[in-house]
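# Commentary on secondary and tertiary structure
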Amino acid sequence: MQKHNFSAGPSILPREAIEATAQAVLNFNNSGLSVMEVSHRGKDFDAVMHEARILVKELLSVPEGYSVLFLGGGASLQFCMVPFNLLERKAAYLNTGTWASKALKEARAFGEALEVASSKDANFSYIPKNYTVPADVDYFHITTNNTIFGTELADDPKADVMLVADMSSDIFSRPVDVSRYGLIYAGAQKNLSCAGVTLVIVKDDMLGKVSRHIPSMLNYKIHIENDSMYNTPPVLPVYTALQTLKWIKSKGGVAGMQQRNREKAAILYREIDRNRLFKGTAAVEDRSLMNVCFVMADGCQELEKDFLEFAQSLGMVGIKGHRSVGGFRASIYNAMPLESVQALVNAMKEFEAKH
Ligand SMILES: *Cc1c(COP(=O)(O)O)cnc(C)c1O
């Protein structure tokens, strides 16, 4: 049976990227060797790293004066690396979910980290709008897409300070004005690659301003000077990332992704709003195009398990909601085809007809 993979992360990747990776695992560039068993400093892998960096810059129109890094440690390591490298006096954080809260918690180990607003009061079901960011902060940290709660910042927030963003779950899903950002980071396993690599885009002049000593492995400057090869990079996830980036380019770049993502999200949200058995959990104006959270409508809660089993019987994978929201979460990242979203919508209609 065809599977429809709605997993939140690790999650669906373009078939082309998986097949190209499988091929390179067996025979990398017709070398007769696996990409897993050759030197990361050899010319073949060096070309992979180089091309991946160039494609990131091209797809996101990264301006001059920025560096692109592929690091280990996941987005969670960035929660600490960001303040380690950038927080000297004070930083501001927008608390929009579990990941944002973790980022804020780490920052507090390095200096003053101000929570400018939080939507914790309503289980992070909306993005706070009315807040002020002090002008004297080193940066303002946001989480552009809240993977667990299904909310997303549709636009860059207005602030006169440099933004730092965790874009783990919506990177490359839409155009971004990188010039507003001092640093962008994204764990790969939502929209870019398999787990094991983290993309960092950093404005060079943000660095070198803190007075503390930074250990080499946690120091962006060291990684920039060494072209992400200060130590052995996660070669296989970088290889897969390159294949995904090529796929994005072939599908019209991030503008093409945005158009497809809008279309997919629209048909799913339309069904959630129409179907009398279901209701969305996120504030309508803040709904994520990547993670669609919904629960059984009032009075229908006892059908939750039945729908889960029904959807699973039709090949749907990974739609069970995160424990902090409950219900269902359909993650419809870049690689998710429209047909799979349509299959879920059809399952919801069919389930409604039966009850
Ligand atoms: C998944 C996720 C993380 C955590 O990523 P790791 O690579 O597991 O550390 C952080 N932030 C967001 C927004 C995420 O979706």
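Note that the coordinates shown come from a computational prediction; the quantities given were computed from them, not determined experimentally. (Residues numbered from 1 in each chain as written. Predicted model: local features only at pLDDT ≥ 70, side-chain atom pairs only at ≥ 80, totals over all residues. Heavy atoms only, no water.)

## Brief notes about the overall build of the chain
So the rule is basically this: Here a strand is any run of E in DSSP of at least two residues, a helix any run of H or I of at least four, and the numbering for each starts at the N terminus. Using C-alpha atoms as the atom set, the radius of gyration is obtained and then compared with a globule rule of 2.2 Å times the number of residues to the power 0.38. Each residue gets one of three labels from its accessible area relative to the maximum for its type: buried under 20%, exposed over 50%, partly exposed in between, using a 1.4 Å probe on protein chains only. Where accessible areas are quoted, they stem from the Shrake-Rupley method and a 1.4 Å probe; at the residue level, only the protein chains shown are allowed to cover. The charge count includes Lys and Arg as positive and Asp and Glu as negative, but it does not include His or the ends of the chains. To locate a charge, the coordinates of NZ of Lys, CZ of Arg, CG of Asp or CD of Glu are taken.
Scanning the chain from N- to C-terminus turns up nine helices and 14 strands. On C-alpha atoms alone, the chain measures out to a radius of gyration of 21 Å, which is about the 20 Å that the 2.2 N^0.38 rule sets for 355 residues. Here the C-alpha coordinates of the chain stretch approximately 60 × 55 × 30 Å along the principal axes. Here the chain holds 355 residues, and the buried ones make up 56% of them. For the chain, the exposed area adds up to about 14,900 Å²; of that, 51% sits on carbon and sulfur atoms. Here the chain contributes 38 positively and 39 negatively charged side chains, and the mean placements of these two sets differ by 2 Å.

## Things to note about the sheet that holds strand S10 (residues 198–203)
For clarity, the threshold we go by: In this description, strands pair whenever DSSP reports at least two bridges between them. The axes are straight lines fitted to the C-alpha atoms, using for helices just the contacting stretch, and the angles between their N-to-C directions are given from 0 to 180°.
Spatial strand order, S2-S10-S9-S8-S5-S3-S4: seven strands in an open sheet with mixed pairing. Strands with a single pairing partner mark the edges of an open sheet, and in this sheet they are strand S2 (66–71) and strand S4 (112–118). Sheet twist, expressed as the average angle between the axes of neighbouring strands with direction ignored, equals 20°. Inspection of the sheet shows strand S3 (residues 90–95) paired to strand S5 (residues 140–143) by two bridges, in the parallel sense. Bridging across to S5, Ala92 finds its partner in Phe140.

## A few points about the site of the ligand
Cut-off, in case you're wondering: We call a residue near a given molecule or strand whenever any one of its heavy atoms falls within 4 Å of it. Under the rule applied, a polar contact is a pair of N or O atoms within 3.5 Å (in protein, one hydrogen donor and one hydrogen acceptor; residues adjacent in sequence only if both atoms are side-chain atoms). All amino acids are sorted into three groups, where Ala, Val, Leu, Ile, Met, Phe, Trp, Tyr, Cys and Pro are nonpolar, Asp, Glu, Lys and Arg are charged, and the leftover types, Gly among them, are polar.
The local shell around the ligand holds 13 residues, among which Ser76, Thr147, Asp166, Gln189 and Lys190 are the closest. Note that an oxygen atom of the ligand is positioned 2.5 Å from one of the side-chain N or O atoms of Thr147. Within the side chain of Asp166, a nitrogen or oxygen atom sits 2.6 Å from a nitrogen atom of the ligand. Computed on the free molecule, the ligand has an accessible area of 380 Å², of which 87% lies beneath the protein chains in the complex. It is helix H3 (residues 74–86) that contributes the most residues to the shell around the ligand, four residues altogether. Taken together, the residues of the shell around the ligand break down into three nonpolar, eight polar and two charged.

## A look at the packing of aromatic side chains
Inclusion rule: Pairing of aromatic rings covers Phe, Tyr and Trp, the last through its six-membered ring, and needs centres within 6.5 Å; plane angles under 30 degrees mean stacked, over 60 mean edge-to-face, and all others mean tilted.
Using the criterion set out here, one finds 14 aromatic pairs in the structure. Arranged with centres 4.8 Å apart and planes meeting at 45°, the rings of Phe84 and Phe110 form a pair that is tilted. Residue Phe84 is located in helix H3, and its partner Phe110 is located in the loop between helix H4 (98–107) and S4; the two are separated by 26 residues in the primary sequence.

## Digging into the domain arrangement of the chain
Stated precisely, the cut-off is as follows: By convention here, the domain bounds are inherited from an automatic or database domain assignment. Note on contacts: a residue pair is in contact if any heavy atoms of the two residues lie within 4.5 Å. When two parts are brought into contact, each loses some accessible area as probed by a 1.4 Å sphere; the total of that loss over both is the buried area.
Each assigned domain of the chain is listed with its residue range as follows: domain 1 (4–11 + 252–354) and domain 2 (15–250). Once you take the C-alpha centre of each, domain 1 and domain 2 turn out to be 26 Å apart. Each partner contributes residues to the interface: domain 1 has 31 residues there, and domain 2 has 28 residues. Of the roughly 2,200 Å² buried between domain 1 and domain 2 on both sides combined, carbon and sulfur atoms contribute 54%.

## Points about the packing of helix H8 (residues 304–313) against helix H9 (residues 338–354)
What counts is decided by this rule: What sets the label is the angle itself: under 35 degrees gives roughly parallel, over 145 gives roughly antiparallel, 65 to 115 gives roughly perpendicular, and the rest give oblique. Take the far helix as your reference; a near helix turned counterclockwise from it by less than a right angle gives a left-handed crossing, and one turned clockwise gives a right-handed crossing.
Running from N to C, H8 and H9 point in directions that differ by 130°, and their axes come no closer than 10 Å. Between H8 and H9, the crossing angle belongs to the class labelled oblique. Once H8 is placed against H9, the crossing between them reads as right-handed. Every residue of H9 that contacts H8 at Asp306, Phe307 and Phe310 is listed here: Leu344, Ala347, Met348, Glu350, Phe351 and Lys354. Among the residues forming the contact of H8 with H9, the class breakdown is six nonpolar, no polar and three charged.

## Remarks on the nonpolar core
A general trend in soluble globular proteins is that nonpolar side chains are found buried together. As a reminder of what qualifies: In these notes, a set of buried Ala, Val, Leu, Ile, Met, Phe, Trp, Tyr and Cys residues joined through side-chain atoms within 4.5 Å is what counts as a nonpolar core.
In terms of nonpolar packing, the biggest core is built from 53 residues, with Phe70, Phe140, Phe172, Leu199 and Ile201 touching the most fellow members. What Phe172 contacts, discounting residues up to four positions off in sequence, is Val56, Leu59, Leu60, Leu192, Leu199, Leu245, Ile248, Val254, Met257 and Asn334. Grouped together as the second largest cluster of nonpolar side chains are 33 residues, Leu268, Val292, Ile319 and Leu344 included.

## Here's the deal with the pairing of strand S12 (residues 291–296)
With six of its six residues buried, S12 lies for the most part within the structure. Pairing analysis gives three bridges linking strand S11 (residues 278–280) to S12, with the strands arranged antiparallel. Counterpart to Lys279 in the pairing with S12 is Val295. One ladder, built from four bridges, connects S12 with strand S14 (residues 328–331); its direction is antiparallel. Its bridge partner being in S14, Cys293 is matched across the sheet by Arg329.

## Quick notes on the environment of Gln258
Among the structural elements, Gln258 can be located in helix H7 (residues 253–274). Overall, Gln258 belongs to the buried group, its relative accessible area being 18%. In this structure the C-alpha to C-alpha distance between Gln258 and Pro175, which are 83 residues apart in sequence, comes to 7.6 Å. Those residues in contact with Gln258 that sit more than four places away from it in its chain are Ser173, Arg174 and Pro175.

## What about the side chain of Asn219?
Within the fold, Asn219 resides in the loop between S10 and helix H5 (220–225). The residues touching Asn219, leaving out its near neighbours within four places in the chain, are Met81, Asn85 and Ile214.

## So, the pairing of S3
Within S3, six of the six residues are buried, which leaves the element mostly enclosed by the surrounding structure. The side-chain alternation of S3 yields two buried faces, one formed by Lys90, Ala92 and Leu94 and the other by Ala91, Tyr93 and Asn95. Pairing of S3 with S4 involves six bridges; the strand directions are parallel. By the bridge assignment for S4, Asn95 is matched with Ser118.

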